[in-house]
Amino acid sequence: MPHSVTTSEDSATISFTPNGEWYFPSGTVAVKHFSLPIDERDPTRLRRLETRILVRSLNGLVYGATYRWRDDQLDAELLRDERAEDITITNRDGSTRTQTWTYPSPSQCLICHHHIAGDILGITTRQLNRAGDDGVNQLAAWNDLGLFDPPITPAEFAKLPRLVPPDAASAPLADRARSYLDANCSHCHRPGALPFVSYDARFETPLERQNLLNVRPVIDYGIDRVRYLKPNDPWRSMLLVRLLRSDT
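These numbers were taken from a predicted model, which means no experiment stands behind them.

**Student:** Just to check I follow, could you spell out the overall build of the protein for this structure?
**Tutor:** For the protein, the count of helices and strands is six helices and nine strands. In terms of C-alpha radius of gyration, the protein reaches 20 Å, essentially the compact-globule figure of 18 Å for 248 residues. Here the C-alpha coordinates of the protein stretch approximately 55 × 50 × 35 Å along the principal axes. Among the 248 residues that make up the protein, the fraction classed as buried is 37%. Counting contacts in the protein only where the partners sit at least 6 residues apart, residues at least 24 apart contribute 42% of the total. Looking at the protein as shown, the accessible area adds up to about 14700 Å², and 53% of this sits on carbon and sulfur atoms. Here the protein holds 29 positive side-chain charges and 32 negative ones, and the gap between their average locations is 6 Å.

Here it is in structure tokens:
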């Protein structure tokens, strides 16, 4: 699901910070494409589903739009409202299953893309400080293009934070898990984002301050003695419970 970012000509620099979220100038347009493998026997068979854009307008606020790719895959059309679509997936044995894909409405985009999370999600130091498909460090490439204010000096690079891929077997399990939470949950699960959120999923927050270990969740689903994370008791760990549910 690649994304790209462009900025307006009159202000083309991003306010850079090693930790936390960057601030993008007015006129920034972030574009993200979504495709889905539709045949497990051939991973190269992809169906284009949607292209989302997020625009920071001249007043500093953001708005989003979703374009659904037509069935002929030649063009995409703007959606005005939320839409769900059933996609047929072919399994390895030739059988099929149905996967439901949900396209968000413009108002739903702003549920996650809010000001406290920096509006434009996922494009941060800790996310881009890694090699892309071409082997080039993405953060270094943006820096070389002069997109940051202030620019990153060579001496700073070694000290910059970096998320750990979930399949990095040599990395500590805690760092892999906390990186996953940062990438997938931290835009809402952080101080001040939502009234019912009580733990901090940001990787930059030390584990002992994330309010995760042995902390009772706001919603317990009726599970006895449940905690956000309960060591050695996965079925009373709400994070796992939530990951296994598709209705929350």
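Okay, back to it.
**Student:** Can you walk me through the nonpolar core in this structure?
**Tutor:** In this structure, Phe16, Trp22, Ile123, Leu139, Trp142 and Phe148 are the most contacted members of the largest nonpolar core, which totals 15 residues. Leaving out residues up to four positions away in the same chain, phenylalanine 16 has contacts with Trp22, Thr125, Leu139, Phe148, Asp149, Pro150, Ile152 and Leu160. If you look at the next biggest cluster of nonpolar residues, it comprises 10 residues, including Tyr199, Leu212, Tyr228 and Leu239.

**Student:** Would you take a moment to explain the packing of aromatic side chains for this structure?
**Tutor:** The relative placement of two aromatic rings is captured by the distance of their centres and the angle of their planes. On inspection of all chains with the given rule, the structure shows eight aromatic pairs. Look at tryptophan 22 and phenylalanine 148: their rings are 5.0 Å apart centre to centre, the planes differ by 70 degrees, and that puts the pair in the edge-to-face class. Taken together, the residues span a long stretch of sequence, with tryptophan 22 in the loop between β2 (14-15) and β3 (29-37) and phenylalanine 148 in strand β9 (residues 148-149) at a distance of 126 residues. Accessibility expressed as a relative area gives 2% for tryptophan 22, which makes it buried. Look at tyrosine 199 and tyrosine 228: their rings are 4.8 Å apart centre to centre, the planes differ by 65 degrees, and that puts the pair in the edge-to-face class. On the criterion of sequence distance, the pair formed by tyrosine 199 in the loop between α5 (173-185) and α6 (238-244) and tyrosine 228 in the loop between α5 and α6 is long-range, its members being 29 residues apart. Taken as a pair, tyrosine 199 and tyrosine 228 share a single burial class, namely buried. Taken together through their ring pairs, the aromatic side chains of Phe16, Trp22, Phe24, Trp142 and Phe148 make up a single cluster. Across the ring face of tryptophan 69, the terminal group of arginine 48 is positioned such that the distance to the ring centre comes to 4.5 Å. When the ring centre of phenylalanine 203 is taken as origin, the NZ or CZ atom of arginine 178, which lies over that ring, is 4.8 Å away.

**Student:** Where do I start with the pattern of salt bridges in this structure?
**Tutor:** Between side chains of opposite charge, a pair can form when the charged atoms approach closely. Throughout the structure, instances matching the rule amount to 21 salt bridges. Notably, a salt bridge pairs arginine 190 with glutamate 21, separated by 2.9 Å at the nearest N-O pair. Taken together, the residues span a long stretch of sequence, with arginine 190 in the loop between α5 and α6 and glutamate 21 in the loop between β2 and β3 at a distance of 169 residues. A single burial state applies to arginine 190 and to glutamate 21, both of which are buried.

**Student:** For this particular structure, what's the right way to read the pairing of strand β4 (residues 46-56)?
**Tutor:** On a regular strand, each side chain points to the face opposite its neighbour's, so the side chains alternate between the two faces of the sheet. Sheet analysis places β3 next to β4, joined by nine bridges and oriented antiparallel. Counterpart to lysine 32 in the pairing with β4 is arginine 52. Sheet topology places β4 next to strand β5 (residues 62-69); seven bridges connect them, and they run antiparallel. From the neighbouring strand, leucine 54 faces β5, where its bridge partner is glycine 64.

**Student:** Mind showing me how you'd approach the pairing of strand β8 (residues 96-103) here?
**Tutor:** Bridge count between strand β7 (residues 83-90) and β8: eight bridges; the pairing is antiparallel. By the bridge assignment for β8, alanine 84 is matched with threonine 102. Following β7, the chain reverses through five residues before pairing antiparallel with β8; glycine 94 in that reversal takes a positive phi of roughly 95 degrees.

Criteria and cut-off values
Residues numbered from 1 in each chain as written. Predicted model: local features only at pLDDT ≥ 70, side-chain atom pairs only at ≥ 80, totals over all residues. Heavy atoms only, no water. Helix = DSSP H or I, 4+ residues; strand = E, 2+ residues; numbered from the N terminus. Rg over C-alpha atoms; globule rule 2.2 N^0.38 Å. Buried < 20%, exposed > 50% of the residue type's maximum accessible area, 1.4 Å probe, protein only. Contact = heavy atoms within 4.5 Å. Areas by Shrake-Rupley, 256 points an atom, 1.4 Å probe, with all protein chains shown as cover. Lys, Arg positive; Asp, Glu negative; His and termini not counted. Charge placed at Lys NZ, Arg CZ, Asp CG, Glu CD. Core = buried A, V, L, I, M, F, W, Y, C linked by side-chain atoms within 4.5 Å. Phe/Tyr/Trp six-rings, centres within 6.5 Å; stacked < 30°, edge-to-face > 60°. Lys NZ or Arg CZ within 6 Å of the ring centre and 35° of its normal. Salt bridge = Lys/Arg side-chain N within 4 Å of Asp/Glu carboxyl O. Pairing = 2+ DSSP bridges.

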